[in-house]
Amino acid sequence: MSEALARIAVRGLWVGFGSKPVLRGIDLVLHEGESLVVIGASGAGKSVLLKTILGLIEAWEGSVRVDGIEVVGASSAAREQVREKIGMLFQGAALFDSLPVWENVVFGLLARGRLARGEAREAALAALAEVGLGGEVADRYPAELSGGMRKRVGLARAIAADPEILFFDEPTSGLDPIRADAINQLIRRTVRGRGRTALSISHDMASVRKIADRVAMLYEGRIIWEGPVERMEHSGNPYVDQFVHGRAEGPMTASVAGAG
Amino acid sequence: MNGLARIGRLTLDLAQESGAVLLFGLEALARGLRGPYYPRQILRQLLEIGYFSLPVVGLTALFTGMVLALQSYVGFSRFEAQEAIPSIVVLSMTRELGPVLAGLMVAGRVGAAMAAELGTMRVTEQIDALETLATDPLRYLVFPRLVAAMLCLPLLVLVADVIGVLGGYLVAVYKLGFGGVEYLNRTLDFLEAGDVVSGLVKALVFGFLIALMGCYQGYHCLGGAEGVGAAATRAVVGASILVLTMDYVLTELFFAR
Ligand SMILES: Nc1ncnc2c1ncn2[C@@H]1O[C@H](COP(=O)(O)OP(=O)(O)O)[C@@H](O)[C@H]1O
Ligand SMILES: [Mg+2]
């Protein structure tokens, strides 16, 4: 129906490693200007989903289209076209250890030739300022930063090129509630404020409530529920209920224990 | 599983793994040559592999040259052939011990470090991040390491050759009563360019193999900090075995000519 307006359309997506499937027929649509958060247990395949959309992992079967460009089985030129549209904040920030903060932030801009070396530092400082970091961190190395600062630098790197689509992989994991909330606010501001489209992953219900318009739950390789964030609390789906309210007892107990 | 089946299985695995490693190396070279190039990365690796390996390679060569002179003295003095010692030392160093010992030392030092660095980058998603930022990890990470190792190893071996001869000289002159000038003359008497060149060719191949194992194991690292440790071990063991087997193969090739 509204697939014409979809920025990202995932259809019948199967992804696995060796002979073990991780995603088993995912259907998911991300509309222009919305913020969708995918929830699900650890190891459910949430990061694999993001990486497959970015063309970092090859799918077994199915289709992923970003602005109409097919990613599955695509040439490296088509992949680059897609990646250029997307800014990604990785789970552990994934900053380059061997480069100072400012070079991390403008790495993609320099690699794509969208910035001259001479203006790079200036641009990096501007991006850092947007995430609330001052110039004094610019020359530090990632190893010298706290977890919260690393996430901010990762966020600055993701938004430095002002991409139309943003991916956030567990943006608040490993942060205390105050720092987590600060990151949530930054995400809200960039996504809503700039009218960007966002696909995030989170376990953190406070974060989900703060940044999501729509929520989808991934379980055993499939999307078992999706709906507006307001309906998440009363979804009527026992799996979602158990996850959202963080209960050990529920339909998922057995298989979680079984998966070890 | 019975013994025979297990040996068959192992052989198949080994063949498959070797093929995968070789393809990875060739792909990295092919893509790297097409550019874009990263001179800063190559420079960093030259320093890392070449410069910082000098002490350990030099020390190994020095003591190897010294012990060569001493051991051949023990053997050759039994039939009054001590004057062969300078030739023994220089030929053993240039043709064989220079490249093999430098290769093994660099495999331990650099192979492990590369696997650990790339492995860490893999498990912390830095390699994925590179790709999303329009940078090919084979061009940015692997190619500079392969090139730098292929440049550095021959230079390190040249240094090892000279220091090895110096070690032999020290023992022969200060302990065994050789004349200094006589020793050096005899060192050069039977030495041919081919002796040195064959050692340098070996070094080039070893450099490629060491960097290749380090990069391959790191790049394909799985499973957190433990995975990184395992990758480093596999890189060192694999590179050492490859250095020793390729040493024989190359010697056989040079010998046949
Ligand atoms: N490169 C890989 N090779 C093999 N298995 C992988 C790889 N990446 C992820 N997996 C497996 O896929 C499953 C899902 O992983 P992931 O998407 O990271 O989970 P999460 O939902 O916590 O983000 C896990 O069982 C993981 O072990
Ligand atoms: Mg994950």
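Residues numbered from 1 in each chain as written. Chains lettered and ligands numbered in written order. Predicted model: local features only at pLDDT ≥ 70, side-chain atom pairs only at ≥ 80, totals over all residues. Heavy atoms only, no water.

S.K.: Explain the overall build of chain A to me, using residue names and the numbers behind them.
M.R.: Within chain A, the regular secondary structure consists of 10 helices and 10 strands. Taken against the 2.2 N^0.38 rule, which gives 18 Å for 260 residues, the C-alpha radius of gyration of chain A at 18 Å falls within 12% of a compact globule. By principal-axis analysis of the C-alpha atoms, chain A measures approximately 55 × 40 × 35 Å. By residue count, 52% of the 260 residues in chain A fall in the buried class. (Helix = DSSP H or I, 4+ residues; strand = E, 2+ residues; numbered from the N terminus. Rg over C-alpha atoms; globule rule 2.2 N^0.38 Å. Buried < 20%, exposed > 50% of the residue type's maximum accessible area, 1.4 Å probe, protein only.)

S.K.: Account for the sheet that holds strand β6 (residues 86–89) of chain A, naming residues and giving values.
M.R.: All names here are of chain A. Strand order in the open sheet made by the 6 strands is β6-β7-β8-β3-β9-β10, with mixed pairing throughout. Edge positions in the open sheet fall to β6 and β10 (222–228), since each of these has one partner strand only. The average undirected angle you get between the axes of adjacent strands in this sheet is 15°. Pairing between β6 and strand β7 (residues 165–169): 4 bridges, direction parallel. Note that in β7 the partner of Leu 89 across the bridge is Phe 168. (Pairing = 2+ DSSP bridges. Axes fitted to C-alpha atoms, helices over the stretch in contact; angles between N-to-C directions.)

S.K.: Let's hear about the coordination of the magnesium ion (ligand 2): which residues, and what values?
M.R.: All names here are of chain A. Taken together, the protein donors to the magnesium ion (ligand 2) comprise Ser 47 (OG) and Gln 91 (OE1), at separations of 2.0 to 2.6 Å. Pair noted here: Ser 47 is in helix α1 (residues 46–53) and Gln 91 is in the loop between β6 and α3 (101–105), with a separation of 44 residues, a long-range link. Residue Gln 91 is classed as partly exposed on the basis of its relative accessible area of 28%. (Donors = N, O, S within 2.8 Å, 3.2 Å for Na, K, Ca; no water.)

S.K.: Summarise the packing of helix α6 (residues 137–174) of chain B against helix α7 (residues 180–189) of chain B; cite the residues concerned and give the values.
M.R.: All names here are of chain B. Axis separation between α6 and α7 bottoms out at 10 Å; the angle between their running directions is 140°. As summarised for this structure, α6 and α7 are arranged oblique, according to the angle between their axes. For the pair α6 and α7, the crossing hand works out as right-handed. Contacts between α6 and α7 pair Val 165, Gly 168, Tyr 169, Ala 172 and Val 173 from the former with Gly 180, Tyr 183, Leu 184 and Thr 187 from the latter. When grouped by side-chain class, the residues that make up the contact of α6 with α7 number 6 nonpolar, 3 polar and no charged. (Parallel < 35°, antiparallel > 145°, perpendicular 65-115°, else oblique. Left-handed = near helix turned anticlockwise from the far one by under 90°. Contact = heavy atoms within 4.5 Å. Nonpolar A, V, L, I, M, F, W, Y, C, P; charged D, E, K, R; others polar.)

S.K.: Tell me about the interface of chain B and chain A, residues and numbers included.
M.R.: With 15 residues of chain B at the contact, the number on the chain A side is 21 residues. Summed over both partners, the interface of chain B with chain A buries about 1,600 Å², with 55% contributed by carbon and sulfur atoms. For chain B, the biggest contributors to the area lost against chain A are Glu125(B), Thr132(B) and Leu133(B); these three give 37% of the whole. Across the contact surface, chain B and chain A share 4 salt bridges. (Buried area = accessible area lost by both parts, 1.4 Å probe. Salt bridge = Lys/Arg side-chain N within 4 Å of Asp/Glu carboxyl O.)

S.K.: How would you explain the environment of Val106(A) if you had to name every residue and give the values?
M.R.: Residues and elements named next belong to chain A. Relative to the elements of secondary structure, Val 106 occurs in the loop between α3 and α4 (107–111). In this structure, the C-alpha to C-alpha distance between Val 106 and Ala 161, residues 55 residues apart in sequence, is 8.1 Å. If we skip the residues at most four places from it in the chain, Val 106 touches Leu 115, Ala 120, Ala 123 and Ala 124.

S.K.: Explain the site of ligand 1 residue by residue, including any values.
M.R.: Phe17(A), Lys20(A), Val22(A), Ala41(A), Ser42(A), Gly43(A), Ala44(A), Gly45(A), Lys46(A), Ser47(A), Val48(A) and Leu222(B) make up every residue found near ligand 1. The residues that come close to ligand 1 belong to more than one chain, namely chains A and B. Here an oxygen atom of ligand 1 sits 3.3 Å away from a polar atom, N or O, in the side chain of Lys20(A). Separating an oxygen atom of ligand 1 from a backbone N or O atom of Ala44(A) is a distance of 3.2 Å. In the complex, the protein chains occlude 65% of the 560 Å² of accessible area that ligand 1 would expose alone. Among the secondary structure elements, those contributing two or more residues to the shell around ligand 1 are β2 (20–31) and α1 of chain A. Looking at the shell around ligand 1, the element that brings in the most residues is α1(A), giving 3 residues. The residue makeup of the shell around ligand 1, split by class, is 6 nonpolar, 4 polar and 2 charged. (Near = heavy atom within 4 Å. Polar contact = N/O pair within 3.5 Å; in protein donor to acceptor, adjacent residues only side chain to side chain. Areas by Shrake-Rupley, 256 points an atom, 1.4 Å probe, with all protein chains shown as cover.)

S.K.: Tell me what's going on with empty space enclosed by the protein, and back it up with residues and numbers.
M.R.: Summed over the entire model, instances satisfying the criterion amount to 4 cavities of 30 Å³ or more. One number sums up the size of the largest cavity: a volume of about 150 Å³. Together, 18 residues line the largest cavity, and Gly87(A), Arg112(A), Arg157(A), Ala158(A) and Leu133(B) are the ones closest to its centre. When contributions to the lining of the largest cavity are tallied by element, the ones reaching two or more residues are α2 (76–85), β6, α4 and α6 (147–159) of chain A. (1 Å grid on protein atoms, 1.4 Å probe; cavity = no way out; pocket = protein on both sides within 12 Å on 5 of 7 lines; lining within 4 Å. Points joined across faces, edges and corners; volume = space filled by probe spheres on them.)

S.K.: Tell me about the confidence of the model for chain B, and please be specific about residues and values.
M.R.: Here chain B averages 94 in pLDDT, while 99% of its residues score no lower than 70. Confidence metrics for the complex model read pTM 0.92 and ipTM 0.93. (pLDDT = per-residue confidence, 0-100.)

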